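# An overview of the molecular structure
Residues per chain are reported as follows:
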Amino acid sequence: MNTHMTRRDFLRDTFCGGAAFAATAVLPNVAKAMKPAEQAAHDAYRAMQIPRPEGLLEGEPMLQCPAPDSMGVVLAVTAFSNGFVEVADNPRMANTRRFMAEGLPLAGTDDRVLRMRITGLEPGKRYWYRAGAAKLVHPTGYWTKPSEIVWSPIHSFTTPGESAPAHFGMMSDTHADYAQMARITRKYRELGIPLVVWNGDVPSSLVQTREHIVRTYLVPPENEGFGADTPIAFCRGNHDFRGEAAGRLGEVMMTRLPSERTIEDVALDRNFAFRMGEVALIGLGTGEDKPDWHPANGGFTRFTPYRKAQKAWLERQFARPEIAGAPYVVVCLHIPIVEPWPGANPGTVLEDYAVWQKECAELWGPVLSANRVQLVLAGHLHRYRFDAATPERPWAQIVGGGRGASTFQTLVECKAEDGRLRVTVHNTDAGTIAAEHFFPPRQGKA
Ligand SMILES: [Fe+2]
Ligand SMILES: [Fe+2]
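What counts and how
Residues numbered from 1 in each chain as written. Chains lettered and ligands numbered in written order. Predicted model: local features only at pLDDT ≥ 70, side-chain atom pairs only at ≥ 80, totals over all residues. Heavy atoms only, no water. Helix = DSSP H or I, 4+ residues; strand = E, 2+ residues; numbered from the N terminus. Rg over C-alpha atoms; globule rule 2.2 N^0.38 Å. Buried < 20%, exposed > 50% of the residue type's maximum accessible area, 1.4 Å probe, protein only. Contact = heavy atoms within 4.5 Å. Areas by Shrake-Rupley, 256 points an atom, 1.4 Å probe, with all protein chains shown as cover. Lys, Arg positive; Asp, Glu negative; His and termini not counted. Charge placed at Lys NZ, Arg CZ, Asp CG, Glu CD. Pairing = 2+ DSSP bridges. Donors = N, O, S within 2.8 Å, 3.2 Å for Na, K, Ca; no water. Salt bridge = Lys/Arg side-chain N within 4 Å of Asp/Glu carboxyl O. Expected span 1.5 Å × (residues − 1). Polar contact = N/O pair within 3.5 Å; in protein donor to acceptor, adjacent residues only side chain to side chain. Axes fitted to C-alpha atoms, helices over the stretch in contact; angles between N-to-C directions. Parallel < 35°, antiparallel > 145°, perpendicular 65-115°, else oblique. Nonpolar A, V, L, I, M, F, W, Y, C, P; charged D, E, K, R; others polar. Tetrahedral: all angles 85-135°; square planar, octahedral: opposite > 155°, others 65-115°. Phe/Tyr/Trp six-rings, centres within 6.5 Å; stacked < 30°, edge-to-face > 60°. Lys NZ or Arg CZ within 6 Å of the ring centre and 35° of its normal. Domains from an automatic or database assignment. Arc of directions from axis to C-beta.

### Describing the overall build of the chain
Looking only at helices and strands, one finds eight helices and 20 strands in the chain. Over its C-alpha trace the chain gives a radius of gyration of 25 Å, about what one expects of a compact globule, namely 22 Å for 446 residues. For the C-alpha atoms alone, the extent of the chain along its principal axes is close to 85 × 50 × 45 Å. Within the span of the chain, comprising 446 residues, buried residues form 55% of the whole. Residue pairs in contact within the chain that sit at least 24 positions apart in sequence constitute 70% of those at least 6 positions apart. For the chain, the accessible area works out to roughly 19100 Å², and carbon and sulfur atoms hold 54% of it. Between the mean site of the 49 positive side-chain charges and the mean site of the 49 negative ones, the chain shows a separation of 4 Å.

This is the structure in structure tokens:
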């Protein structure tokens, strides 16, 4: 090996692909002026051999924040690295496109979580991908050299869109009960469900550190690969706002890129509205289960303006032709917005906590009614419940079961087939079907 190369040779060989760069001849002739210390740095960089970083990847990548033309891929690593995704429209991975961890001007290098976003995808199309990381080391000073890229196995996903399968699932309130969660994640893979909404309350109670978030959301024990072939659309529950690390959730659970939002929606980076075949699938955030002025919130929560902003966002979604014209509309949110018992806690009082979210119901309910939404899927109560539509409220609500439920944990499966929307409530504890509900297509104009 040449351990004493000039700066020009070094730059050319390392970064510029040799001949093409040499032809431009734009570098000043500084090689002769290189100081001994600088030459030594170049030599150290060149000489450093980086062994393949075994154990760099922890678990499998997770598909997050799906959209018809983009997909997030998040990867846990064990050392300071840069991240990559390669994507192709075939399982042989011919003609791949490569994406680097998000960030400009610096890519999103990190020692624990690498977040990549694949853009420029076609709606309703199947893709294959692999995620990888290159460990970054410092041969001298701050100079940084990447290892070879360590790749995950190849996985696959289908983008949402009008031509995507009209099929998805909803799980909620997993609350870090990993054995119970594993029964759900096994079930949706067994059923071939192409997209799952994780409808809030992921930690047991709160998150104190980013590492806690990584281990709870990204690489939960007993659930390896749960999001590697199944995109996860995430709606925050009240527990996802708790603990000193809650504000860092976005470092592990991606949001949509700023370029994927309008200026009105810039703060609503987790709301989603896209088609899964005949179904328009909408995600909203109900916030905490106590009012903003409750002492538990420490004076720093702003859920009331957050809910109001989402009302305006929701109205704008129904102005989009693909949402307005969908045969079925299903809205996912965490805290129920229907409660049959008049005395139930509405989330607007000092005592106890919300059983239902009255503020959200009053803001969003009329928009759902006016647009003939058929179904709201909620969590929070840890107990399956069906609230049928009424003449005053033409949409139904299904509440999923959760950890420690007095009944059972659920996976709610929605599938449009045979001219109707079939909703199957799986009891994942017993491996049985707890209930089935059917909804006809939307009729008439709003
Ligand atoms: Fe919960
Ligand atoms: Fe909850």
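Okay, back to it.
### Notes on the pairing of strand 13 (residues 279–283)
With five of its five residues buried, strand 13 lies for the most part within the structure. A two-sided burial pattern is seen for strand 13, the buried positions comprising Val279, Leu281 and Gly283 on one face and Ala280 and Ile282 on the other. Note that strand 12 (residues 272–276) and strand 13 share five bridges and pair antiparallel. The residue bridging Phe274 from the neighbouring strand is Leu281, located in strand 13. Linkage of strand 12 to strand 13, two consecutive antiparallel strands, is achieved through a turn of two residues, within which Gly277 is found at a positive phi near 60 degrees. Of the pairings in the sheet, the one linking strand 13 to strand 14 (residues 328–332) comprises five bridges and is parallel in character. From the neighbouring strand, Val279 faces strand 14, where its bridge partner is Tyr328.

### Observations regarding the coordination of the iron ion (ligand 2)
Those protein atoms acting as donors to the iron ion (ligand 2) are Asp201 (OD), Asn238 (OD1), His334 (NE2) and His380 (ND1), and they sit at 2.1 to 2.2 Å. Taken as a pair, the iron ion (ligand 2) and the iron ion (ligand 1) show a spacing of 3.4 Å, with Asp201 coordinating each metal. With Asp201 in the loop between strand 10 (196–198) and helix 5 (210–218) and His334 in the loop between strand 14 and helix 8 (358–370), the pair connects residues that are 133 residues apart, well separated along the chain. As far as burial versus exposure is concerned, Asp201 and His334 are alike and both buried.

### Side note on the pattern of salt bridges
Counting across every chain of the model gives 29 salt bridges. Note that Glu251 is salt-bridged to Arg210, the shortest N-O span being 3.4 Å. With Glu251 in the loop between strand 11 (232–234) and strand 12 and Arg210 in helix 5, this pair connects stretches of sequence that are 41 residues apart. For Glu251, a relative accessible area of 24% gives the class partly exposed. Each of Asp110, Asp111, Arg210, Arg248 and Glu251 takes part in a single network of salt bridges with overlapping partners.

### Points about helix 8
With 13 residues, helix 8 extends 18 Å from end C-alpha to end C-alpha; this agrees with the ideal 18 Å at 1.5 Å per step. Those residues of helix 8 not exposed but buried are Cys360, Ala361, Leu363, Trp364, Gly365, Val367 and Leu368. For helix 8, the elements touching its buried residues are helix 6 (303–317), strand 14 and strand 15 (375–378). Among the residues of helix 8, the N-terminal cap falls to Gln357, whose side-chain oxygen and the backbone nitrogen of Glu359 are separated by 3.3 Å. Immediately beyond the C-terminal end of helix 8, within one or two residues, lies Arg372, with a positive phi of roughly 55 degrees.

### Comments concerning the packing of helix 6 against helix 8
Where helix 6 contacts helix 8, the axes come no closer than 10 Å and their chain directions differ by 5 degrees. Between helix 6 and helix 8, the angle falls in the class roughly parallel. Residues Thr304, Arg307, Lys308, Gln310, Lys311, Leu314 and Glu315 of helix 6 form the contact with helix 8, whose own contacting residues are Glu359, Cys360, Leu363, Trp364, Val367 and Leu368. Classifying every residue of the contact of helix 6 with helix 8 by side-chain character gives six nonpolar, two polar and five charged.

### Here's the deal with the sheet that holds strand 14
Sheet architecture is open: six strands sit in the order 12-13-14-15-17-16, paired in mixed fashion. Each edge of the open sheet carries a strand with a single partner, namely strand 12 and strand 16 (385–387). Strand-to-strand, the axes of this sheet are offset by a mean angle of 20 degrees, without reference to chain direction.

### Some thoughts on the coordination of the iron ion (ligand 1)
Here the iron ion (ligand 1) is held by the protein donor atoms Asp173 (OD), His175 (NE2), Asp201 (OD) and His382 (NE2), which lie 2.1 to 2.2 Å from it. Metal-centred angles of 90 to 171 degrees between the four donor atoms at the iron ion (ligand 1) mark the site as irregular. Donor residues binding the iron ion (ligand 1) come from one chain and are separated in sequence as D-x1-H-x25-D-x180-H.

### Concerning the packing of aromatic side chains
This structure, assessed with the given rule, holds 11 aromatic pairs. Centroid distance Tyr129 to Phe157: 5.7 Å. Interplanar angle 55 degrees. Geometry classified as tilted. Highlighted residues: Tyr129 in strand 6 (residues 126–140) and Phe157 in strand 8 (residues 155–158), separated in sequence by 28 residues. These aromatic residues form a ring-pair network of at least three members: Trp198, Tyr217, Phe226 and Phe234. Geometry around Phe84 places Arg98 over its ring, the cationic atom sitting 5.5 Å from the centre.

### Comments concerning the domain arrangement of the chain
Partitioning the chain into domains gives domain 1 (7–47), domain 2 (57–62 + 71–157) and domain 3 (160–439). Centre-to-centre separation of domain 1 and domain 3, based on C-alpha positions: 54 Å.

### Some details on helix 6
Three- or four-residue spacings in an α-helix give side chains the same orientation, since the helix completes a turn every 3.6 residues. With 15 residues, helix 6 should cover 21 Å at 1.5 Å per step; its first-to-last C-alpha distance of 20 Å lies within 8% of that length. Of all the residues in helix 6, the buried ones are Phe303, Tyr306, Arg307, Gln310, Trp313, Leu314 and Gln317. For helix 6, the buried positions fall inside an angular range of 115 degrees around the axis, keeping them on one side. Contact partners of the buried residues in helix 6: strand 12, strand 13, helix 7 (321–324) and helix 8.

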